[in-house]
Amino acid sequence: QVQLVESGGGLVQAGGSLRLSCAASGRTFSSYTMGWFRQTPGKEREFVLAISRSGLNTYYADSVKGRFTISRDNAKNTVYLQMNSLKPEDTAVYFCAASPAARLGVASMESQYAYWGQGTQVTVSS
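Definitions and limits used
Residues numbered from 1 in each chain as written. Predicted model: local features only at pLDDT ≥ 70, side-chain atom pairs only at ≥ 80, totals over all residues. Heavy atoms only, no water. Pairing = 2+ DSSP bridges. Helix = DSSP H or I, 4+ residues; strand = E, 2+ residues; numbered from the N terminus. Axes fitted to C-alpha atoms, helices over the stretch in contact; angles between N-to-C directions. Salt bridge = Lys/Arg side-chain N within 4 Å of Asp/Glu carboxyl O. Buried < 20%, exposed > 50% of the residue type's maximum accessible area, 1.4 Å probe, protein only. Phe/Tyr/Trp six-rings, centres within 6.5 Å; stacked < 30°, edge-to-face > 60°. Lys NZ or Arg CZ within 6 Å of the ring centre and 35° of its normal. Disulfide = S-S within 2.5 Å.

**With respect to the sheet that holds strand 3 (residues 18-24)**
Pairing between the strands of a sheet comes from backbone hydrogen bonds, and it takes one of two forms, parallel or antiparallel. Reading across from one edge, 1-3-8-7 is the order of the 4 strands in this open sheet, with antiparallel pairing throughout. Whereas interior strands pair on both sides, the edge strands pair on one side only; in this sheet they are strand 1 (4-7) and strand 7 (68-73). The sheet shows a mean angle of 15 degrees between the axes of neighbouring strands, direction not considered. Alignment of strand 3 against strand 8 (residues 78-83), held across 6 bridges, turns out to be antiparallel.

**Considerations on the pattern of salt bridges**
All chains considered together, the criterion is met by 4 salt bridges. Residue R38 pairs with D90 through a salt bridge whose shortest N-O separation is 2.9 Å. Taken together, the residues span a long stretch of sequence, with R38 in strand 4 (residues 33-39) and D90 in the loop between strand 8 and strand 9 (92-99) at a distance of 52 residues. Note that R67 and D90 form a salt bridge whose closest N and O atoms lie 2.7 Å from each other. Highlighted residues: R67 in the loop between strand 6 (58-60) and strand 7 and D90 in the loop between strand 8 and strand 9, separated in sequence by 23 residues. According to the relative accessible area criterion, D90 is buried, its value standing at 0%. Each of R38, E46, R67 and D90 takes part in a single network of salt bridges with overlapping partners.

**Comments concerning the packing of aromatic side chains**
In this structure the tally under the stated criterion is 6 aromatic pairs. The interplanar angle of 80 degrees and the centroid separation of 5.1 Å between the aromatic rings of F37 and Y113 together place this pair among those described as edge-to-face. Of this pair, F37 sits in strand 4 while Y113 is found in the loop between strand 9 and strand 10 (115-116), placing the two residues 76 residues apart along the sequence. In this pair, the class of F37 matches that of Y113, namely buried. When the ring centre of W116 is taken as origin, the NZ or CZ atom of R45, which lies over that ring, is 4.2 Å away.

**Points about the state of the cysteines**
Enumeration according to the criterion identifies 1 disulfide in this entry. In this model C22 forms its disulfide with C96; the gap between the sulfur atoms is 2.0 Å. Sign of the S-S torsion, about -80 degrees for the bond between C22 and C96, identifies this disulfide as left-handed. In this pair, C22 is assigned in strand 3 and C96 in strand 9, connecting sequence segments 74 residues apart. Summarising the burial analysis for this pair, C22 and C96 share the class buried.

This is the structure we're talking about:
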């Protein structure tokens, strides 16, 4: 199994930036499509963005395109979420997830992900 641990969350003012990290266990990190989801109280998890196994292809939700960037370092078993121009509506618990099979065409589907981190809180003040 893959264990994922997110870090880097915190409190930031609107317009600011944060960089989240997701450290994965195991020796097959490069075999997984990696994604970020977020969730606020009373809402379902929302897809944010995903990155292919090679790191060469990415898929973004419209709400974050142009502001967020996903990247990965397979040598370090780590995926990153760089968040810029943060808005109060970005406030959520952010979850890292790993999919053993998903292509980017279905990477936005929560059901494609087999492993999930515990989440890290991001709070954007106005």
